[in-house]
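Fold and contact review
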Amino acid sequence: MSATQFDRIYHGLAPEIGKLRVANSGMAWKGEENEAVTAIPTDDIKWAQWIRVARDFQLRVGLKDRRRETFDGFTREDHDKLASLLKQHFGVTLEVKDVTFKGWNWGVTDIQGQDLAFLVSNKTAFELPLKQVANSNIAGRTEVSLEFVPLGSGGKKASRNAPDEMVEIRFYVPGIQTKLRGSDAGSQKSDAEDEDGEEVSAAQAFHDAIKDKAEIGQISGDLVLSFEEVLVLTPRGRYDVDMFLDFLRLRGKTYDYKILYSSISRLFLLPKDDQHVLFILGLSTPIRQGQTRYQYLVMQFAREEETTAELNMSEEEIAKYDRLKKNYEDPTFEVVSGVFRALSKKKIIGSGTFQSRDGHPGIKANLKAVQGDLFMLEKYIFFVSKQPTLVELADIHQCVFSRVGASMGASAARTFDLKIVTKSGSEYTFTSINKEEHEPVETYLKDKKVKIKNEMVADVDMILAGGGGDSDEEMQSVASSGDEQPKPRLGGDDDDSEEDEDFQASSTDAGSPTESDSESGEGVTASDASGDRELAKAAKGGKKKLTKKKVKATADGSDAEEDEPKKKPTAKPKPKPKPKKDDNDAMDVDDEKPKPKPRPKPKLKAKEGAEDGPAKKKQKTSS
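Now for a quick tour of the structure. (Residues numbered from 1 in each chain as written. Predicted model: local features only at pLDDT ≥ 70, side-chain atom pairs only at ≥ 80, totals over all residues. Heavy atoms only, no water.)

Before going further, it helps to spend a moment on unusual backbone geometry. For the bond running from T234 to P235, omega is -10°, close enough to zero to count as cis. You can see P235 is positioned in the loop between strand 17 (225–234) and strand 18 (237–243). Here the phi dihedral of K345 falls at roughly 55°; this positive angle occurs in a residue that is not glycine. The phi angle at K449 is positive, at roughly 60°, despite the residue not being glycine. Mapped onto the elements of the fold, K449 is located in the loop between helix 7 (438–447) and strand 34 (452–456). Of the residues examined, K449 reaches a relative accessible area of 72% and is grouped as exposed. (Helix = DSSP H or I, 4+ residues; strand = E, 2+ residues; numbered from the N terminus. Buried < 20%, exposed > 50% of the residue type's maximum accessible area, 1.4 Å probe, protein only.)

Here it is as structure tokens:
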């Protein structure tokens, strides 16, 4: 018997037009562009439905393995002809499924097989394929957000002619439902146990049902490796990381994410400190919690923590991936990063050769009100915080160093700001960077051929280094300068110093120059933070004039410096990271050169607040 052919028929959700043939042996569809044929044998056909859709009418064919095939593009006149063919060849009745056109946005949801149907007045308003659901999140207490995988998502940029796609839909689910404790599948419970059920919001129950059904056909048998209770800094929380061949799933208490390996753009493995290591995933498609989007996943691992793992893969499958092993008995961060690198086929970016004054690859900085670590990598400048920011060196137009003057106090004088202006127009200003990091950062940028502009205001230590730091008048001129370059008063050093010595001997009270110093923003405090070496030398020679108010200012400033001695032990690089560096080299990270020794930190000046009396005695004897 000859086959009956229908032209201009779509298969599934694909935009390609093809031809459908129905014969006694079964059904077959062939596209006009693609030569592949989709065939359905007669024995597999169990039921058929006729439904109105966006592309005219649709024929749904249910198969014996609970799958189904859909064909769109039929006209209204094709119904009777198609119904007789299905009855004649396959013994199947073509069921007409009613669709509502009321346009109401409230109704009832019903999970039908692998679809989520939205019913209005017991008629279908629309259906959503659950196998396309990527994430299900509770946005608020009564809203459930479903995110979908774009059909063309393969890590490639969408073409200009790509059709519009729905990527998210939200359901408002009010009310409370009683959730039975334990497994509700086949469990026999008494009435008393039913009454003790846990009350949960209807939104939570709907969210859980979507998560269970959306995993059908994708999770079973494909699990490669699972890591439990992984600490994720961004978005913050502890998640179970389930790794599959094509995607990973982050399972938390509230949120559940499905992330395709093809959407991972970069991998970073960076040491946070001597005890912790950061493993960062850069995503081309950000995940979302409510209205907040996260383009980076920041995981933190203890450096000393080890993991023993065995991959659920055959030797033949493992051989297809680069540097993937069947069994692991290594530090946890090496196992996680190694498996991610193999499955995502992305190279891991390491910390590079940059070294801070403490021997670490990162320096502390702030971006607006967010504190984090600024890493100077081989091709990037990466700010890792609650809101990570990545800047490519090739996109930098220029870097501007700036620092406010001593009039802003000790905290401003001992830090500087780094403003990065990109070629695309964006600007990032990193503030509160320790001034001793200025030299290594500037050297790094010069090595990378980055244009540098220096707007640093000359500070007290620069003036003292120039040999002009012996008079109070110069200190006053520096302290009173806000934005302009300070201009020290020059004159006969011997005559001025003699007059100062005589004046100091005749009056021990603070004079007007000292009052102006304290009112202009604690100039001595700023100089203590920035030029402590020169002040220590001047104090030993007995030439520095310290009055009561100025000593009090330095005593207050010393409290701000209490953090410095705590950093002294960490200034020496510990021998612990050395073997770890070899591990990173084996994992294609960038830090291949040995780390240079850090520059010794200048010694701190003794606390001036405790030397009030002796300072005065030295001044008196010198006069």
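There is more to say after this.
Turning to the pattern of salt bridges, a few remarks are in order. In this structure the tally under the stated criterion is 18 salt bridges. Put simply, E168 and R170 hold a salt bridge, and the shortest N to O gap is 3.2 Å. Relative accessible area serves as the criterion here: at 23%, E168 is assigned to the partly exposed category. Classification of R170 by relative accessible area gives partly exposed; the value is 33%. Put simply, K453 and E455 hold a salt bridge, and the shortest N to O gap is 3.4 Å. Its relative accessible area of 40% is what places K453 among the partly exposed residues. Residue classification places E455 among the partly exposed residues on the basis of a relative accessible area of 42%. Salt bridges sharing partners connect three or more residues here, namely R60, K97 and E127. (Salt bridge = Lys/Arg side-chain N within 4 Å of Asp/Glu carboxyl O.)

As enumerated under the stated definition, the model contains 15 aromatic pairs in all. Note on F268 and Y380: the rings are 6.1 Å apart at their centroids and 80° apart in plane angle, and the pair reads as edge-to-face. Of this pair, F268 sits in strand 21 (residues 264–271) while Y380 sits in strand 29 (residues 380–384), and the two are 112 residues apart along the sequence. Each of the two residues, F268 as well as Y380, counts as buried. Ring geometry for F383 and F430: centres 5.3 Å apart, planes at 50°, overall tilted. Here F383 is found in strand 29, whereas its partner F430 is found in strand 33 (residues 427–434), with 47 residues between them in sequence. F430 shares its class with F383; the two are buried. Taken together, the ring pairs in this structure connect F6, W50, F57 and F74 into an aromatic cluster. Its end group placed over the ring of F57, R52 keeps NZ or CZ at 5.2 Å from the ring centre. (Phe/Tyr/Trp six-rings, centres within 6.5 Å; stacked < 30°, edge-to-face > 60°. Lys NZ or Arg CZ within 6 Å of the ring centre and 35° of its normal.)

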